[in-house]
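# Understanding the architecture of this molecule
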Amino acid sequence: MNRTWAVAGLLAALLLPTLAPAAGTATIEAGPEGKRKRAMLEYRGDQLRLETQVRDGLPVVLLQRDGSLYILANDLVLDAEQAMALLGQQVPIPTVGPLDFSRFIALEPTPRTELHAGIGGKVYLLRYADRAGEARAEEMVMSTDPRAVELSRALLAVGDTLRRSTEVPAVPDEARLRAALQGQGVLRFGRDFRVLALSAQSPPPARFELPSMPLRFPSFEGFGR
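A separate point is helix H4 (residues 174-181). Inspection of H4 places Glu-174, Leu-177 and Leu-181 among the buried residues, and these make up the whole buried set. Viewed end-on, H4 has its buried residues packed into an arc of 65°, placing them on one side of the element. Looking one or two residues past H4, Gln-182 carries a phi angle of roughly 55°, positive in sign.

Okay, structure coming up:
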């Protein structure tokens with residue numbers, strides 16, 4: 001999974017899923033220093049459209065609708081599971097949080113606040129253990145603004161769909177982290193994710209239509225046995 005976008009949805013996928021249907025548009029920036037990319041997100045209910053570019057400037061769209069994920073590239077529509085198998089790390093997967101999260105330790109408030117996309121948020125320090133058992137700490141900017149919460153909820157839906165389609169295992173200790181987040185939205189995570197623009201304007205339904213039927217490639221599993 002591409003770290004450029006996999007740094008963006010673990011925490012979003014842990015937010016309480018009982019919120020009202022989300023709708024809005026956002027611009028986010030994600031990825032490690034030197035490899036950061038921007039993406040435009042549009043979301044409406046359980047539908048989401050993410051536009052970005054991969055290597056060589058190729059525009060790519062990730063589209064979620066009807067409980068499935070699709071990749072649109074060069075006028076082709078691919079099922080996301082097959083696209084990940086074919087394109088691997090070039091597939092943009094939006095997430096918000098540490099890739100190597102294994103165990104929640106604490107979410108500590110600080111006296112600082114920050115402004116992102118015109119929305120004020122409180123700075124927290126997330127303490128956690130990585131998969132090797134090493135203690136880590138990273139700043140998070142959280143907000144109770146409905147726009148921030150709805151954006152994180154939209155990313156939640158993508159994370160859930162990705163888990164179902166690729167059989168990604170549940171995150172260890174996620175219940176404790178979910179309780180600590182208390183349904184807030186993420187505006188920034190360390191240097192790897194931040195929200196640049198955010199609006200509650202609902203995109204038109206046509207933005208979530210597939211331009212053609214998805215291509216289906218034959219499976220070569222077991223070939224030659």
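Moving on, there is more to tell.
Now for the nonpolar core. Counting 39 residues, the largest nonpolar core has Tyr-43, Leu-48, Leu-126, Met-140 and Leu-198 as its most contacted members. In terms of nonpolar packing, the next biggest core, distinct from the first, is built from six residues, Val-61, Leu-63, Tyr-70 and Leu-72 among them.

Our next topic: the pairing of strand E9 (residues 135-143). Here strand E8 (residues 119-130) runs beside E9; their pairing, made up of eight bridges, is antiparallel. The residue bridging Tyr-124 from the neighbouring strand is Met-140, located in E9. Connecting E8 to the next strand, E9, in antiparallel fashion are four residues, including Gly-133 with a positive phi near 85°. Relative to strand E10 (residues 185-189), E9 runs antiparallel, the two sharing four bridges.

Moving on to the pattern of salt bridges. Within this structure, the stated rule accounts for 15 salt bridges. The partner of Arg-112 in a salt bridge is Glu-139, and the shortest N-O contact between them spans 2.6 Å. Note that Arg-112 is positioned in strand E7 (residues 101-116) and Glu-139 in strand E9, a separation of 27 residues in sequence. Of the residues examined, Arg-112 reaches a relative accessible area of 38% and is grouped as partly exposed. Between Arg-136 and Asp-130 there is a salt bridge whose closest N-O contact spans 2.9 Å. Arg-136 gets classed as partly exposed once you look at its relative accessible area, which sits at 40%.

The subject of this paragraph is the sheet that holds strand E2 (residues 37-44). Taken in spatial order, the 11 strands line up as E6-E5-E4-E3-E2-E1-E11-E10-E9-E8-E7 in an open sheet, and their pairing is antiparallel. The two strands at the open ends of the sheet, each matched to only one other strand, are strand E6 (76-79) and E7. Between one strand axis and the next, the sheet turns through 25° on average, direction left out of account. Relative to strand E4 (residues 59-65), strand E3 (residues 47-53) runs antiparallel, the two being bridged by six bridges. Within the sheet, the bridge partner assigned to Gln-53 lies in E4 and is Pro-59. In the packing of H4 onto the sheet, the strands contacted are E7, E8 and E9, and the crossing angle to E7 comes to about 20°.

Relative to the assigned elements, Gln-64 resides in strand E4. A distance of 2.9 Å separates a polar atom in the side chain of Gln-64 from the backbone oxygen of Asp-46.

With that settled, consider the confidence of the model for the protein chain. Parts of the model with low pLDDT should not have their predicted coordinates read in detail. Residues at a pLDDT of 70 or more form 70% of the protein chain, whose mean pLDDT is 77. Scored below 50 in pLDDT, residues 1-8 shows 42 contacts in the model against residues more than four places distant or in partner chains. Below a pLDDT of 50 lies the segment residues 220-225, which in the model reaches zero contacts outside its immediate sequence neighbourhood of four places, other chains included.

What counts and what doesn't
Each chain has its residues counted from 1, following the order in which its sequence is written. Thresholds applied to this predicted model are a pLDDT of at least 70 for local features of residues and 80 or more for the giving and counting of side-chain atom pairs; totals over whole chains, interfaces and linings are not thresholded and use all residues. Calculation of side-chain values draws on the structure's entire complement of heavy atoms; hydrogens and water are dropped beforehand. Burial classes: relative accessible area under 20% of the type maximum marks a residue as buried, over 50% as exposed, and values in between as partly exposed (1.4 Å probe, protein chains only). Secondary structure follows DSSP: runs of H or I at least 4 residues long count as helices, runs of E at least 2 residues long count as strands, and numbering of each begins at the N terminus. As used here, the arc is the angular range of directions from the helix axis to the C-beta atoms. Think of a nonpolar core as a cluster: buried Ala, Val, Leu, Ile, Met, Phe, Trp, Tyr and Cys residues, connected wherever their side-chain atoms sit within 4.5 Å. Each pair of strands is called paired provided DSSP finds at least two bridges between the two strands. By definition here, a salt bridge exists when the distance from a side-chain nitrogen of Lys or Arg to a carboxyl oxygen of Asp or Glu is within 4 Å. An axis is simply a line fitted to the C-alpha atoms; with a helix, the fit covers only the stretch in contact. Between two such axes, the angle follows the N-to-C directions and lies from 0 to 180 degrees. For this analysis, residues touch if any pair of their heavy atoms sits within 4.5 Å. Two N or O atoms count as a polar contact when they lie within 3.5 Å, although within protein this holds only if one can serve as hydrogen donor and the other as acceptor, and sequence-adjacent residues are included solely when both atoms are side-chain atoms. Values of pLDDT, which run from 0 to 100, indicate the predictor's confidence residue by residue.

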